[in-house]
Amino acid sequence: MEAGGSREREARNYLEKHQIMELLKYLTSVLLFIRPEKPREYLIAILEKLRIAKATGVAFPFFMDHSNITAMFDMMDSSKKGTISFVQYKEALKTLGLCPADEVLKDDGHAITLDKFKSEVKRMRPRALA
Amino acid sequence: MDATTAPHHIPPEMSQYGEENHIFEIMQNMLEQLLIHQPKDPILFMINHLQLDNDNVPKIVILGPPASGKTTIAMWLCKHLNSNLLTVENLIAKEFSSLAAAARKHYQINKRVPSMQLVRLIQDRVSEEDCVRRGWILDGIPETREQALMIQTVGITPRHVIVLSAPDTVLIERNLGKRIDPQTGEIYHTTFDWPSESEIQDRLIVPVGISELETAGKLLEYHRNIVRIFPSYPKILKVISADQPCVDVFYQALTYVQTNHRSNAPFTPRVLLCGPMGSGKSLQAALLAQKYSLVNVCCGQLLKEAVADKSKFGEVIQPFFEKDMAVPDSLIMKVLSERLNQQDCIQKGWVLHGFPRDLDQALMMDSLGYKPNRVFFLNVPFDSVLERLTLRRTDPITGERYHLMYKPPPTTEIQDRLLQNPKDAEEHVKFKMDLFYRNAAELEEFYGQALTINGDQDPYTVFEYIESGIINPLPQKVP
């Protein structure tokens, strides 16, 4: 069923292009965590905020905020050196959904510090909202 | 970053919230709409979709052979559900539409509308405000498999499909008695559905095309087409026999349309079984626990275990047992909370029986956050209960339990030595039954969504009813 197959592929591409599944996962997690009285109104409010953030380019505390990033860094840096290896850094970006698989990150030989990690994540976030 | 060393303990409030507010279904509907329309700006689309809030509006298709009563049922459902009726006639009668005018011309010549035009008309109609807000009922569309596929391609999917069926001979005969009221468009019948007002009777006219030969011809074509439409709607189709009084057909259609389909939402059953002594609660609870790996929580058993274990609760409860007094509610609640808070109860779900027995206990349980998501009342008439309980016997030597009617002892030697538990004596049973029924009405009111089951049948039949009550979603009430 070629026609069916191509429409299915179209649908999958659409999902990936707009990162719909990540968005829906985020919305569901927020709902279950906050448990608002009126889930629909709350969802509409979040989506409106997202729209505004996209339109004006302001960074919206989307998937992660600062405390989460610090927590992630600490989890990876188990020996408390203050830096993480390049491999860990790449994996972390993939987990956050900020690093598409085909992008090649340059390994400048130095280990990544917390500040560098934070700034890289912030830099990549607006791209993720596209 | 991985969760294997410290497994996630998802708080039960989350799953309760998810179930009550149907979060899974909301997300699933949103995803479906996104995939069908694939808008350039998904966020705006999602905002609009959520604001419409039309996940639960009726989207019904009614199919059936001529003279099965489709239009009558469709009209009644429309009135009852406050929805919009779409038929071939009223689609092509639309004003101010060149598409409708072209369709009308075609209809006048060939007595049918080409599928392409019909589907476009449907698409326009369904996207109008009132259909979006209050849903739609398609009467007699799709007529063929091609139409069914075209409608699906455009993104119009019904949630319920009803197919009326009746033997051909009945239909041919019935069609001869069809009469139409030219003013309202309602269909009457000379035998089955004669209007009571004489002024309506006077203006009824005989419609064209109801002779036996013509009806037979239409039936032939219908049978050819309907067989190929069935596979298009696998899980949402229901066949209702039209060979019964229209009120019965209507009632069945209405109940079906108000049921939600089983969704894939995660669901941990928290079942409450209520019923008088001897209604079979413990047996059903044991069956449920075995089949679905739920935790069987019997209140009386829990208290006895606490006393036997000499736990700190057990020591407080023991004096009540010794004096044969009822244990106070707060104490029972504490023991119960301890059990229900354990990880296996939260994860696997539970079946509770023997508690609550009256409104106060129910309110206490509710306030502590233990809300069952399925409640069953087992109804057994008093005589059956007596029969079940007063004939119970135990063999003091082997410990085996018998029932003089349902599971008699094999030899007379055993039968001679059987003893009866004083709790099964008739006066005691009567007393307990009265106690239950005094409080039952309040409990039924408190648990509004409870399902009542006839417990006076063999245990496996009752079990099947309970199972279907748990697995199927609770029916939605018409607003």
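Residues numbered from 1 in each chain as written. Chains lettered and ligands numbered in written order. Predicted model: local features only at pLDDT ≥ 70, side-chain atom pairs only at ≥ 80, totals over all residues. Heavy atoms only, no water.

1. A short note on the environment of His403 of chain B
Residue and element names in this part refer to chain B. Considering the arrangement of structural elements, one finds His403 in strand E13 (residues 401–403). Along the sequence, His403 and Leu389 sit 14 residues apart, while their C-alpha atoms lie 8.5 Å from each other. At 3.1 Å, the side chain of His403 forms a polar contact with the backbone nitrogen of Tyr406. (Helix = DSSP H or I, 4+ residues; strand = E, 2+ residues; numbered from the N terminus. Polar contact = N/O pair within 3.5 Å; in protein donor to acceptor, adjacent residues only side chain to side chain.)

2. Re the sheet that holds strand E14 (residues 451–454) of chain B
Residues and elements named next belong to chain B. Judged by pairing direction, the sheet is parallel, and its 5 strands sit side by side in the order E9-E10-E8-E11-E14 without closing on themselves. Every interior strand has two partners, whereas the edge strands, strand E9 (295–298) and E14, have only one. Across the sheet, the mean angle separating the axes of adjacent strands is 20° when strand polarity is ignored. Sheet analysis places strand E8 (residues 270–274) next to strand E10 (residues 350–353), joined by 4 bridges and oriented parallel. Directly across from Val271, in E10, lies its bridge partner Val351. Sheet strands in contact with helix H17 (residues 329–340) are E9 and E10, and its direction is about 175° off that of E9. (Pairing = 2+ DSSP bridges. Axes fitted to C-alpha atoms, helices over the stretch in contact; angles between N-to-C directions. Contact = heavy atoms within 4.5 Å.)

3. Things to note about the packing of helix H2 (residues 23–37) of chain B against helix H3 (residues 42–52) of chain B
All names here are of chain B. Direction vectors running N to C along H2 and H3 enclose 130°, while the axes themselves pass 11 Å from each other. Considering the angle they form, H2 stands oblique to H3. Relative to H3, H2 is oriented so that their crossing is right-handed. Of the residues in H3, those in contact with Ile26, Asn29, Met30, Gln33, Leu34 and His37 of H2 are Pro42, Phe45, Met46, His49 and Leu50. Its residues placed into classes, the contact of H2 with H3 shows 7 nonpolar, 4 polar and no charged. (Parallel < 35°, antiparallel > 145°, perpendicular 65-115°, else oblique. Left-handed = near helix turned anticlockwise from the far one by under 90°. Nonpolar A, V, L, I, M, F, W, Y, C, P; charged D, E, K, R; others polar.)

4. A short note on the packing of helix H6 (residues 98–110) of chain B against helix H7 (residues 115–126) of chain B
All names here are of chain B. Two elements in contact, H6 and H7, have axes separated by 10 Å at closest approach and are oriented at 145°. Considering the relative orientation of H6 and H7, their crossing is left-handed. Taken together, the residues of H7 that come into contact with H6 (itself represented by Leu99, Ala100, Ala102 and Ala103) are Gln117, Arg120, Leu121 and Asp124. Here the contact of H6 with H7 is built from residues that sort into 5 nonpolar, 1 polar and 2 charged.

5. Focus on the nonpolar core
The tendency in soluble globular proteins is for nonpolar side chains to be buried side by side. Residue and element names in this part refer to chain B. Membership of the largest hydrophobic core comes to 53 residues, with the highest contact counts inside it found for Ile73, Leu77, Ile122, Trp136, Ile137 and Ile141. Residue contacts for Leu77: discarding those within four places in its chain leaves Ile62, Asn82, Ile137, Phe250, Ala253 and Leu254. In terms of nonpolar packing, the next biggest core, distinct from the first, is built from 29 residues, Cys274, Cys299, Tyr370 and Leu443 among them. (Core = buried A, V, L, I, M, F, W, Y, C linked by side-chain atoms within 4.5 Å. Buried < 20%, exposed > 50% of the residue type's maximum accessible area, 1.4 Å probe, protein only.)

6. A few points about the sheet that holds strand E1 (residues 59–63) of chain B
Residues and elements named next belong to chain B. Read across the sheet, 5 strands follow the order E2-E3-E1-E4-E7 without closing on themselves; strand pairing throughout is parallel. Lying at the two open borders of the sheet, with one neighbouring strand each, are strand E2 (84–86) and strand E7 (237–241). Strand-to-strand twist in this sheet, taken as the mean axis angle between neighbours without regard to direction, amounts to 20°. Examined bridge by bridge, E1 and strand E3 (residues 136–139) share 4 bridges and lie parallel to one another. Bridge pairing links Ile62 to Asp139 in E3. Contacts from helix H13 (residues 246–258) reach E1, strand E4 (160–165) and E7, with the element oriented near 160° to E4.

7. Regarding the pattern of salt bridges
Residue and element names in this part refer to chain A. Across all of its chains, the model carries 17 salt bridges over all chains by this definition. Between Glu48 and Arg51 there is a salt bridge, with its nearest N and O atoms 3.8 Å apart. Residue Glu48 and its partner Arg51 are located together in helix H3 (residues 39–56), separated by 3 residues, close to a single helical turn. Taking relative accessible area as the criterion, Glu48 reaches 28% and is therefore assigned partly exposed. (Salt bridge = Lys/Arg side-chain N within 4 Å of Asp/Glu carboxyl O.)

8. Description of unusual backbone geometry
Residue and element names in this part refer to chain B. Here Ile141 and Pro142 are connected by a cis peptide whose omega angle stands at 5°. By the secondary structure assignment, Pro142 is in the loop between E3 and helix H9 (145–154). Cis geometry marks the peptide bond from Phe355 to Pro356; its omega dihedral reads -10°. The phi torsion at Gln38 lies on the positive side, around 45°, for a residue other than glycine. With respect to the helices, strands and loops of the structure, Gln38 is situated in the loop between H2 and H3. Of note in the backbone geometry, Lys310 takes a positive phi value of approximately 55° without being a glycine. Here Lys310 lies in the loop between helix H15 (299–309) and helix H16 (312–322). With relative accessibility at 58%, the residue Lys310 sits in the exposed group.

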